[in-house]
Amino acid sequence: MNVMEHAVFRRFWYPVMPMSKLKQGPQRFELLGQALALFLDDGGVPAALEDRCCHRTARLSLGEVCDNAIACPYHGWRYNREGQCVLVPQMPDRDPGPKRRVKAFSCREKYGYAWVALEQPLFDIPDFPEAADDSFVLIQEFYEEWRVSGLRVMENELDMAHPSYVHLGTFGSPEHLVAEDAKIEEFPGGFHYTGRLGVKQAHHAQDRNNERFLDCSWYAPFICRLRINYADGPAHVIINCQVPLANNRSQVVQFCFQEDDGNGIDEAAILAFDRKVTLEDKHVLESTDANVPLDPRDERHMVSDKPGLVMRRMIQALIENHETQAVTVQ
Ligand code: FES
Ligand code: CO
């Protein structure tokens, strides 16, 4: 499967830019090959336009925000968040008219990110229950590019057979090769996954129990929520999103919700631990082939691969539905 070849991937929300970065001024981001100029309007709401001025094609993202519009750096034409040119400074008394415009995309803020959907989204941005729970704190973790397919990372998030090989340097236990009681429950556009995994050491010093209770969700196509509970410690909830840049390149967006059980939260320790784990995954994931086959006959499998196989099946169905609809509309 090549994400660039299937229009359905344009119909999901992706967290493309940290709001903290956007507060510094307009930014460029290439989502599925579409160059975007991202900026904040006067209300602090993020906006996403095609990053190409309709005058002489300069990048709007190199410009500045003036009067609730982004001004092109080349001759100063200004565009509002709908992409309509609202001012040509060289002809201030003339209405720029409907032809002077650039494409605008849906853009919203959530979880400290500006999210963009290139076309009518099929599902809403997931609601993570911890975001509405006062005992959890949101911690921003990583925002960086990897040379990997987003689907390989999603499969890895719910692949409980890899920690005993990949994560021996952090939490993986050689005695626990697979998860116990693994269960999958599908919902439209994703599934819940629960199970238990024995680990070498728990996430924090105060977590003395060496078993993780997993309560996870996958949201098509590239978002995983991994809630890790221990018998006697605070829950740690990792949100991993893979924003597709191209077929073999993804922007890794990871943040977490950390439960405060009254013992305080050591953000630096959490970041350092999750960093180490993430780099262990990166090492192997970047060695995998980005062309993930959706047909199960094209790779070999084992029982613990089930979450990844369900993802492949559900993605295949989304692609087929989208393509059937497109044919019907024509
Ligand atoms: Fe943008 Fe001229 S190229 S105003
Ligand atoms: Co891993």
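Residues numbered from 1 in each chain as written. Chains lettered and ligands numbered in written order. Predicted model: local features only at pLDDT ≥ 70, side-chain atom pairs only at ≥ 80, totals over all residues. Heavy atoms only, no water.

**Concerning the pattern of salt bridges**
If the charged atoms of two oppositely charged side chains come close together, the side chains can form a pair.
Here is step 1 of the chain: Tallied over the entire structure, the rule returns 18 salt bridges.
Here is step 2 of the chain: Across the pair Glu30 and Arg28 runs a salt bridge, and its minimum N-O distance is 2.9 Å.
Here is step 3 of the chain: One salt bridge in this structure joins Arg196 and Asp181, with 3.0 Å as the shortest N-O distance. With Arg196 in strand 13 (residues 190-198) and Asp181 in strand 12 (residues 180-187), the pair connects residues that are 15 residues apart, well separated along the chain.
Here is step 4 of the chain: Through salt bridges that share partners, Glu130, Asp215, Arg225 and Arg227 make up one connected network. (Salt bridge = Lys/Arg side-chain N within 4 Å of Asp/Glu carboxyl O. Helix = DSSP H or I, 4+ residues; strand = E, 2+ residues; numbered from the N terminus.)

**Side note on the pairing of strand 16 (residues 233-246)**
Here is step 1 of the chain: The element strand 16 is extensively covered by neighbouring structure, given that 13 of its 14 residues are classed as buried.
Here is step 2 of the chain: Here 7 bridges tie strand 15 (residues 223-230) to strand 16, and the two strands are oriented antiparallel to one another. Each residue of the ladder has a partner; that of Cys224, found in strand 16, is Asn240.
Here is step 3 of the chain: Hairpin geometry of strand 15 and strand 16 is characterised by an intervening segment of 2 residues between the two adjacent antiparallel strands.
Here is step 4 of the chain: Alignment of strand 16 against strand 17 (residues 249-259), held across 10 bridges, turns out to be antiparallel. Paired with Val237 across the two strands is Phe257, which belongs to strand 17. (Buried < 20%, exposed > 50% of the residue type's maximum accessible area, 1.4 Å probe, protein only. Pairing = 2+ DSSP bridges.)

**With respect to the sheet that holds strand 11 (residues 136-146)**
Here is step 1 of the chain: Ordered by their spatial adjacency, 7 strands build an open sheet running 11-17-16-15-14-13-12, and the pairing between neighbours is antiparallel. The strands lining the two open edges of the sheet, one partner per strand, are strand 11 and strand 12. Across the sheet, the mean angle separating the axes of adjacent strands is 15 degrees when strand polarity is ignored.
Here is step 2 of the chain: Contacting strand 14 (211-219), strand 15, strand 16 and strand 17, helix 2 (residues 150-157) runs over the sheet at an angle of about 165 degrees to strand 16.
Here is step 3 of the chain: Taken strand by strand, helix 4 (residues 267-285) contacts strand 11, strand 14, strand 16 and strand 17, and its axis lies near 30 degrees from that of strand 11. (Axes fitted to C-alpha atoms, helices over the stretch in contact; angles between N-to-C directions. Contact = heavy atoms within 4.5 Å.)

**Considerations on the UniProt feature "domain: Rieske" (unreviewed entry) in the protein**
Here is step 1 of the chain: Sequence positions flagged by UniProt for "domain: Rieske" (unreviewed entry) are, in local numbering, residues 13-116.
Here is step 2 of the chain: Along residues 13-116 the backbone is 4% helical and 42% strand, and the end-to-end C-alpha distance reaches 5 Å. (UniProt positions renumbered as here; feature names shortened; annotations may be inferred.)

**Here's the deal with the nonpolar core**
Here is step 1 of the chain: Ranked by size, the top nonpolar core spans 71 residues in total, and within it Phe9, Leu31, Val116, Leu158 and Trp218 carry the most contacts.
Here is step 2 of the chain: Residue contributions to this core peak at 7 residues, all from strand 16.
Here is step 3 of the chain: When near neighbours in sequence (up to four residues on either side) are disregarded, Leu31 contacts Tyr14, Val16, Leu36, Val116, Leu118, Val243 and Pro244.
Here is step 4 of the chain: Counting residues in hydrophobic clusters, the runner-up holds 14 residues, among them Ala47, Ala58, Trp77 and Val88. (Core = buried A, V, L, I, M, F, W, Y, C linked by side-chain atoms within 4.5 Å.)

**Overview of the coordination of the cobalt ion (ligand 2)**
Here is step 1 of the chain: The protein atoms that coordinate the cobalt ion (ligand 2) are His162 (NE2), His167 (NE2), Asp281 (OD) and Asp281 (OD), at distances spanning 2.0 to 2.4 Å.
Here is step 2 of the chain: One way to put it: the 4 donor atoms around the cobalt ion (ligand 2) meet at angles of 59 to 150 degrees, and that makes the site irregular.
Here is step 3 of the chain: In the primary structure, the donors to the cobalt ion (ligand 2) are separated according to the pattern H-x4-H-x113-D. Each member of the pair, His162 as well as His167, is classed as buried. (Donors = N, O, S within 2.8 Å, 3.2 Å for Na, K, Ca; no water. Tetrahedral: all angles 85-135°; square planar, octahedral: opposite > 155°, others 65-115°.)

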